[in-house]
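Fold and geometry: a report
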Amino acid sequence: MKILREHVEPVLSNALESIGINNPNWKSMLTPSREHSQGDLSLPCFPFAKQLGKSPNDIAEDLSKLIENNGAIGQVNATGGYLNFKAESKWLAKQLLSGKVRVGDAYGKKPDTDRQVLIEHTSANPNGPFHVGRARNAILGDTLVRLHRLLGNEVRAEYYVDDMGKQVGVLAWALDNLSDQEVENILEDKDSISTKWANKADHTRVRWYQAAQKLRKDEDKSEKMEQEIGKLVHASEHGDEAVLQQFHDSFQPVLDGMLETLGRLGIEFDQFTNESMFVTNGDVAKLTQTLSGLDIHGVADNGAEFLDLGARGLKGKTEFFFKRGDGSSLYATRDIAYHIWKWKQCDDLINILGEDHKLQSKQVGMTLQELGHKVPEVLFYSFIKLPEGKMSTRRGNVVFMDDLLEEAKEHASKIVRELRPEYLEQEVSHIAESVGRSAIRFNIIKVSPDKGFTFRWEEALAFEAGSAPFIMYSHTRALSIANKCSDNGIDIEEISNKNLDLETINLELPDSLIDLLRCMAIQNDVLERSVKQCRPNLFANQVLNLATSFNGFYRDCKIFDDGEVNELYFQISQLASQFLKTGMEGLGIIPLERM
RNA sequence: GGGCGUGUAGCAUAGUUGGAUAAUGCGUCGGCCUCCUAAGCCGAAGAUCGCGGGUUCAAAUCCUGCUGCGCCCGCCA
């Protein structure tokens, strides 16, 4: 709890000095209390024992007597070798209610830190619809974008479009060479697409891609086809404008379909950058020339070129190829050019990548370093699998995000209709859509990125405690209280702006209220750590805790009772709803008016 | 074979730069709507933190060996 720490450190410093501890290292030992009931901040006194020849317990005891009260510290206690500090609850309430703790805004309207952050995420090849596994990247990336904005950073969210190379080449070839009927014949043993997505190009055009991939394995036809595709790819890699245009026309409708899906999840980008740009503008040519001049550069028999990263300590495969035998560049080479370009436009650079990109990313990072550039921060995530095993479009073991979104909405509709029969169909639909996307995002974001994740329908569609709807529900409760007050002719604006004198409020604050205050007070601490460590799940947990704390407060503190409003409770409820709202927006959860 | 990651109640997970009695949800069992939205709240049972060593006043956390699982080891993207 940062706001308390500022008030504890000076008095604790004095106390430590007077018992003979001058080493400032203790500051890093003062940590949030593990035992929540004992305090907000704790100092373990074990390390001082040897130096002072006293038991940790006695040291904590001595220190507790030396702490001067400065108004912020409500309670100091010494137990089990720990010195615990608890914030004075009315002081804490005052800090919060007077706006000392930043509420923030996840849409970037309140930049606060002067840091320009560029986050590249998703960047999926535009060759087919998102499945739940690939969407983990987008959800993680977008959440990180939002959390950075909530913290006050200026963020650009960027999608790197693979508009050249083999994958798009195959798609373009197929669209040019295969008729509807041929595609259906080739894919006869595969399920046809759901009629629901018959007009969505990511679902329709991927059939051409799949058909072509299947043909490529068929030896009779593959040779000629491989030649034609190779020609296209080669042309694209040398910046042939007509071919690049053909590629663009092939994939753009697919990309549009994919972006429609992401839009439904609340995910948008500030900029799209085409991979081909770095070929056509000459950056790649310049780069390969520079790389060829490096000490650790090497040449293979056929003229292909590589860097020996083993010489810089890379273990395992040490040769990193950046140029093919035919002189063309590779994906990673272009990626390095892209990174150099990105670094010119930001202070911090973050990439979201699947764990399969770890080696590639390491190679890119080491090469950047070799060239005197900074290494980007990378958030790697493990793959989402299904109970039946690895997700694979090819084997039909796959859950499409579009289907999940529909299913979640339908499930939510059912619940709303049951619980709120009086709502109009339009409102039901709005609530269901919001609940569906929020639940999907939260379900993925709450788990640590480096852990494997098994997608289960029953979990994705569980709208109980521990889910986004649980958080959303707490938030609507706060709003419904305010509405109720309004409906009873109370001027809530006036109460909100009233300057309450907490000292004169003759009232013991209930524990659950204090818990809520403490939870709000650490929200930014957790946000900062979550952003710094690139772990959105930490903040997801915080918002979950906040909702739980609010529910406890709601249970114990009646705000509107007998026609009277408890003004302190009201203000705290309003503030909590603010923290809930911005926290939810930071996670991409939609704060509803009612549900 | 080599590299990287991961293993925590029946299940799914949290656990901060090492710190107190390892936290939460689902599931199980038992309570709470005449009371601001019960998508809620309260209570109970349930853990050899994968296994073995080591460092430390203190290890789920750090080091090391073993083991299960995942990913990578293309002049693919």
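Summary of the structure given here. (Residues numbered from 1 in each chain as written. Chains lettered and ligands numbered in written order. Predicted model: local features only at pLDDT ≥ 70, side-chain atom pairs only at ≥ 80, totals over all residues. Heavy atoms only, no water.)

**Quick look at the overall build of chain A**
Applicable threshold: In DSSP terms, a helix is any run of H or I states spanning at least four residues, a strand is any run of E spanning at least two, and both are numbered starting from the N terminus. Two residues form a contact once any of their heavy atoms are found within 4.5 Å. Reported accessibility uses the Shrake-Rupley method at a 1.4 Å probe radius. Residues are deemed covered only where the shown protein chains occlude them. Charge assignment in this entry is limited to Lys and Arg as positive and Asp and Glu as negative, and neither His nor the chain termini are counted. To locate a charge, the coordinates of NZ of Lys, CZ of Arg, CG of Asp or CD of Glu are taken.
If you tally the helices and strands in chain A, you get 24 helices and 16 strands. Projected onto the principal axes, the alpha-carbon positions of chain A cover approximately 85 × 65 × 40 Å. Taking the intrachain contacts of chain A between residues at least 6 apart in sequence as the baseline, contacts between residues at least 24 apart amount to 74%. Looking at chain A as shown, the accessible area adds up to about 27,700 Å², and 46% of this sits on carbon and sulfur atoms. Positive and negative side-chain charges of chain A, numbering 69 and 89 respectively, have mean locations separated by a distance of 3 Å.

**Quick look at the nonpolar core**
A general tendency of soluble globular proteins is for nonpolar side chains to be buried together. Note the cut-off: By nonpolar core is meant a set of buried Ala, Val, Leu, Ile, Met, Phe, Trp, Tyr and Cys residues that side-chain atoms within 4.5 Å join together. Any residue under 20% of the maximum accessible area for its type is buried, any over 50% is exposed, and the rest in between are partly exposed; the area is computed with a 1.4 Å probe on protein chains only. For the domains described, the bounds stem from an automatic or database domain assignment.
Of all hydrophobic cores here, the largest spans 161 residues; its most connected members are Leu12, Leu43, Ile471 and Met520. Shared between two domains, this core holds at least three residues of each, these being domain 1 (2-87) and domain 2 (127-293 + 330-385). Apart from the residues within four sequence positions on either side, leucine 12 is in contact with Trp26, Leu30, Leu43, Ile67, Leu83 and Phe85. Residues Leu287, Ile296, Phe322 and Ile336 belong to the second largest nonpolar core, which totals 24 residues.

**A closer look at a positive patch on the surface**
Selection rule: In this analysis, a patch consists of residues with relative accessible area above 30% that form no salt bridge, clustered at 9 Å for like charges and at 5 Å for the nonpolar side chains Val, Leu, Ile, Met, Phe, Trp and Tyr. Each reported salt bridge corresponds to a side-chain nitrogen of Lys or Arg within 4 Å of a carboxyl oxygen of Asp or Glu.
Side chains of Lys217, Lys390, Arg394 and Arg395 sit close together on the surface and give a patch of like positive charge. Considering the arrangement of structural elements, one finds lysine 390 in the loop between strand E13 (384-385) and helix H16 (401-419).

**A look at the sheet that holds strand E3 (residues 73-79)**
The strands making up a sheet associate through hydrogen bonds between their backbones, and the pairing can be parallel or antiparallel. Test applied: A strand pair is defined by DSSP finding two or more bridges across the two strands.
Taken together, 4 strands build an open sheet; the order of strands is E1-E2-E4-E3 and the sheet is antiparallel. The open sheet terminates on both sides in strands that have one partner only, identified here as strand E1 (31-32) and E3. Relative to strand E4 (residues 82-87), E3 runs antiparallel, the two being bridged by 6 bridges. The residue bridging alanine 78 from the neighbouring strand is leucine 83, located in E4.

**Concerning the packing of aromatic side chains**
Using the following cut-off: Each Phe, Tyr or Trp ring, with Trp reduced to its six-membered ring, pairs with another whose centre is within 6.5 Å; inter-plane angles below 30 degrees give stacked pairs, above 60 give edge-to-face pairs, and intermediate values give tilted ones.
Using the criterion set out here, one finds 13 aromatic pairs in the structure. With a centroid separation of 5.6 Å and an interplanar angle of 55 degrees, the aromatic rings of phenylalanine 269 and phenylalanine 272 are classed as tilted. Overall, phenylalanine 269 belongs to the buried group, its relative accessible area being 13%. Each ring, one from tyrosine 381 and one from phenylalanine 383, has its centre 6.3 Å from the other, and the planes form 90 degrees; the classification is edge-to-face. Classification of tyrosine 381 as buried rests on a relative accessible area of 7%. By relative accessible area, phenylalanine 383 is classed as partly exposed at 39%. Chaining the aromatic ring pairs together yields one cluster made of Tyr160, Phe278, Tyr338 and Trp341.

**Structural notes on the protein's contact with RNA strand B**
How we decide: Any residue with at least one heavy atom within 4 Å of a molecule or strand is counted as near it. Residues adjacent in sequence count toward polar contacts only when both atoms are side-chain atoms; beyond that, a polar contact is any pair of N or O atoms within 3.5 Å, and within protein one must be able to donate a hydrogen and the other to accept it. Residue polarity follows a fixed list, in which Ala, Val, Leu, Ile, Met, Phe, Trp, Tyr, Cys and Pro are nonpolar, Asp, Glu, Lys and Arg are charged, and the others, Gly among them, are polar.
Around RNA strand B sit 73 residues in total, of which Thr31, Tyr82, Arg420, Tyr473 and Ser480 are the nearest. Looking at RNA strand B alone, sugar and phosphate atoms form 62% of those within 4 Å of the protein. In this structure, a sugar or linking oxygen belonging to RNA strand B sits 2.8 Å away from a side-chain N or O atom of asparagine 125. A distance of 2.7 Å separates a sugar or linking oxygen of RNA strand B from a polar atom in the side chain of lysine 558. When residues of the surface near RNA strand B are traced back to their parent elements, those giving at least two are strand E2 (41-44), helix H3 (46-52), E4, helix H14 (331-343), helix H15 (358-370), H16, helix H19 (468-487) and helix H23 (536-556). Take the surface near RNA strand B: its biggest share by element is 8 residues, from H19. Each residue belonging to the surface near RNA strand B can be placed in one class, and the counts come to 27 nonpolar, 20 polar and 26 charged.

**A closer look at the pairing of strand E11 (residues 348-354)**
Applied cut-off: Handedness of a crossover is defined as follows: orient the strands so they point away from the viewer, and if the path from the first strand over the helix to the second runs clockwise, the crossover is right-handed.
Most of E11 sits inside the fold, with 6 of its 7 residues counted as buried. Across 4 bridges, the pairing between strand E5 (residues 116-120) and E11 is parallel. In the strand pairing of E11, glutamate 120 is matched with asparagine 351. In this structure, E11 lies alongside strand E12 (residues 377-381), joined through 5 bridges in parallel fashion. If you follow glycine 354 over to E12, its bridge partner there is tyrosine 381. Since E11 and E12 lie parallel, the crossover through H15 that links them has a hand, and here it is right-handed.

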